[in-house]
Amino acid sequence: MDKITIIVPCYNEQEVIDLFYPAVQKHVSKIPNCAFNYIFVNDGSRDATLEKLRALAAAHDDITYLSLSRNFGKESAMMAGIDYADGDAVIIMDADLQHPPEAVAEMVKWWREGYDDVCGKRVDRAGETWLKRTCANIFYAVMKKFSTSYEMQRDVGDFRLLDRRCIEALRLMRENQRFTKGLFTWVGYRKKEIPFEVQPRAAGTTTWNFLSLFNLAMKGMTSFTTAPLRLMTFLGVTVSCGAMIYMLFTLIMALLYGDPVAGYPTLITVMLFLGGTQLLALGIIGEYLGQIFHESKQRPIYLIDEINGERMIYKPHRVPNERGFTPRD
Ligand code: UDP
Ligand code: MG
């Protein structure tokens, strides 16, 4: 009998919690020789999500809920779930039923054939706005160009089945600035992509906006490649060479031909250009410095407030609690 843990990060999902469990259970209960349990992670919701989860966990033995002490973001919430998962494999699903539960059977099938990471590849970017699609295209193109050691998977998100091996590998990575999509790729192992269509949200609204997606993209870029720094070096060299050539040209024009070089326009153009390049380079260095700043503090990725009604107190030493869970943070 295989045991699979389904991890569900929830942030302000009061409308969908009650729909989620029966909808998923309907499909997964048909999968032969497989027992499923659920870990719902309440990521500091401000609505009635936690109350709903308490009721759900009280009614069903196969449900555990973790409630984080505040909103840590989806990346951290997923990590909390991964830390506490005890199945032979894990499936990560959004609470809003955008990830079709009927795809789980296929994931399990491929897992049983020996794949460690069966990921859902979305095939319907068409429904998104032009701007979002273009930005996604640029992001993937840049990442592809820059990351030489491995290739970022396209249109593949967090909806996936991970074998125990991947889970253990992910637990080793305690970085704070998490870009889970990249981490999944980074750990490697045998990957299989299966196509799925993102469903409309069952209820509620998305919490992602343009700014948070941009931040996520920046995080992905700065935590997985130092290529922008190298690019700045090249830019610096190019600009210096250009400046040298232009200097010689101006000198020759003035000395040999007595050209009274137009002062102000040339000067202001050069100054602005150099100022701009320097600020750009500083900004990029700053992004990396920021990453170092956050990582160097080595804070835990999340703090848990309660697990199935039990209040958590963090002690200096890591101790397994009586439920057999071994908290990693
Ligand atoms: N989520 C979370 N913490 C957050 C934001 C989102 O745990 O800070 C969860 C949310 O409850 C949902 C999943 O992450 O289960 C995806 O979020 P959402 O549906 O808002 O994003 P979208 O599907 O639009 O990308
Ligand atoms: Mg969603």
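Here the structure is a predicted model, which is why all the values come from computation and not from measurement.

Participant: I'm lost on the site of ligand 1 in this one. Help?
Facilitator: Taken together, the neighbourhood of ligand 1 is formed by 16 residues, with Glu-13, Asp-43, Asp-96, Gln-98 and Thr-206 sitting nearest. At 2.6 Å, a side-chain N or O of Glu-13 approaches an oxygen atom of ligand 1. Asp-96 has a polar side-chain atom sitting 2.5 Å from an oxygen atom of ligand 1. For ligand 1, the protein covers 86% of the area, taking 530 Å² as the surface of the free molecule. By residue class, the composition of the shell around ligand 1 is five nonpolar, five polar and six charged.

Participant: Explain the coordination of the magnesium ion (ligand 2) to me, please; I cannot follow it from the model alone.
Facilitator: Each donor-metal-donor angle in an ideal tetrahedron of four donors is 109.5 degrees, and each such angle in an ideal octahedron of six donors is either 90 or 180 degrees. Here the magnesium ion (ligand 2) is held by Asp-96 (OD) and Gln-98 (OE1), and the distances to it run 1.8 to 1.9 Å. For Asp-96, a relative accessible area of 3% translates into the label buried.

Participant: Can you help me understand the nonpolar core in this one?
Facilitator: Soluble globular proteins tend to pack their nonpolar side chains together in the buried interior. Formed by 39 residues in total, the largest nonpolar core has its most connected members in Leu-66, Leu-68, Tyr-84, Ile-92, Leu-170, Tyr-302 and Ile-304. For this core, the leading source of residues is helix 3 (residues 74–84), giving six residues. Tyr-21, Val-24, Leu-53 and Val-118 belong to the second-largest nonpolar core, a separate cluster that totals 38 residues.

Participant: Hey, could you run me through the sheet that holds strand 7 (residues 191–196) in this one?
Facilitator: Strand pairs in the sheet, formed through backbone hydrogen bonds, run parallel or antiparallel to each other. The sheet built from nine strands is open, its strands ordered 7-5-6-4-1-2-3-8-9 with mixed pairing. Single-partner strands in this sheet number two, and they are strand 7 and strand 9 (310–311). Strands strand 4 (89–92), strand 5 (117–122), strand 6 (156–163) and strand 7 of the sheet are contacted by helix 7 (residues 180–187), whose axis makes an angle of about 45 degrees with strand 6.

Participant: Before we go on, may I ask you to explain the pattern of salt bridges in this structure?
Facilitator: Once their charged atoms are close, side chains differing in charge can pair, the charge on each being opposite to the other. Applying the stated rule across the entire model yields 15 salt bridges. In this structure, the salt-bridge partner of Arg-54 is Glu-51, at a minimum N-O distance of 3.8 Å. Of this pair, Arg-54 and Glu-51 both sit in helix 2 (residues 49–59), separated by three residues, roughly a single helical turn. With a relative accessible area of 45%, Glu-51 lands in the partly exposed category. Put simply, Arg-165 and Asp-163 hold a salt bridge, and the shortest N to O gap is 4.0 Å. Its relative accessible area of 43% is what places Arg-165 among the partly exposed residues. Through salt bridges that share partners, Glu-51, Arg-54 and Glu-306 make up one connected network.

What counts and what doesn't
What you see as residue numbers is a count from 1 along each chain, following the sequence as written. Note on labels: chains are lettered from A, ligands numbered from 1, in written order. Local features in this predicted model are restricted to residues whose pLDDT is 70 or higher, and side-chain atom pairs enter the listing and the counts only when it is 80 or higher, whereas totals over whole chains, interfaces and linings include all residues. Note: side-chain values were computed over all heavy atoms of the structure, leaving out hydrogens and water. Each residue is tested against the molecule or strand, and it is near if at least one of its non-hydrogen atoms lies within 4 Å. By the criterion applied in these results, polar contacts are pairs of N or O atoms within 3.5 Å in which, for protein atoms, one can donate a hydrogen and the other can accept it, and in which residues neighboring in sequence qualify only through two side-chain atoms. Only the protein chains shown count as cover for residues, and the accessible areas themselves come from Shrake-Rupley with a 1.4 Å probe. Think of it as three bins: nonpolar holds Ala, Val, Leu, Ile, Met, Phe, Trp, Tyr, Cys and Pro, charged holds Asp, Glu, Lys and Arg, and polar takes everything else, Gly as well. Any N, O or S atom lying within 2.8 Å of the metal counts as a donor, and for Na, K and Ca the limit rises to 3.2 Å; water is left out, so some sites can look incomplete. For each residue, the accessible area found with a 1.4 Å probe, counting protein chains only, is set against the maximum for its type, and the residue is called buried under 20%, exposed over 50%, and partly exposed in between. Definition of nonpolar core: a set of buried residues of the types Ala, Val, Leu, Ile, Met, Phe, Trp, Tyr and Cys, connected through side-chain atoms within 4.5 Å. The secondary structure listing takes helices from DSSP runs of H or I that are at least 4 residues long and strands from runs of E that are at least 2 residues long, numbered from the N terminus. Note on pairing: DSSP must find at least two bridges between two strands before they are called paired. Residues are treated as being in contact if the distance between any of their heavy atoms lies within 4.5 Å. Axes, fitted as lines to C-alpha atoms, cover a helix only where it is in contact. Angles between the N-to-C directions of the axes lie from 0 to 180 degrees. Take a side-chain nitrogen of Lys or Arg and a carboxyl oxygen of Asp or Glu: if they are within 4 Å of each other, that pair is a salt bridge.

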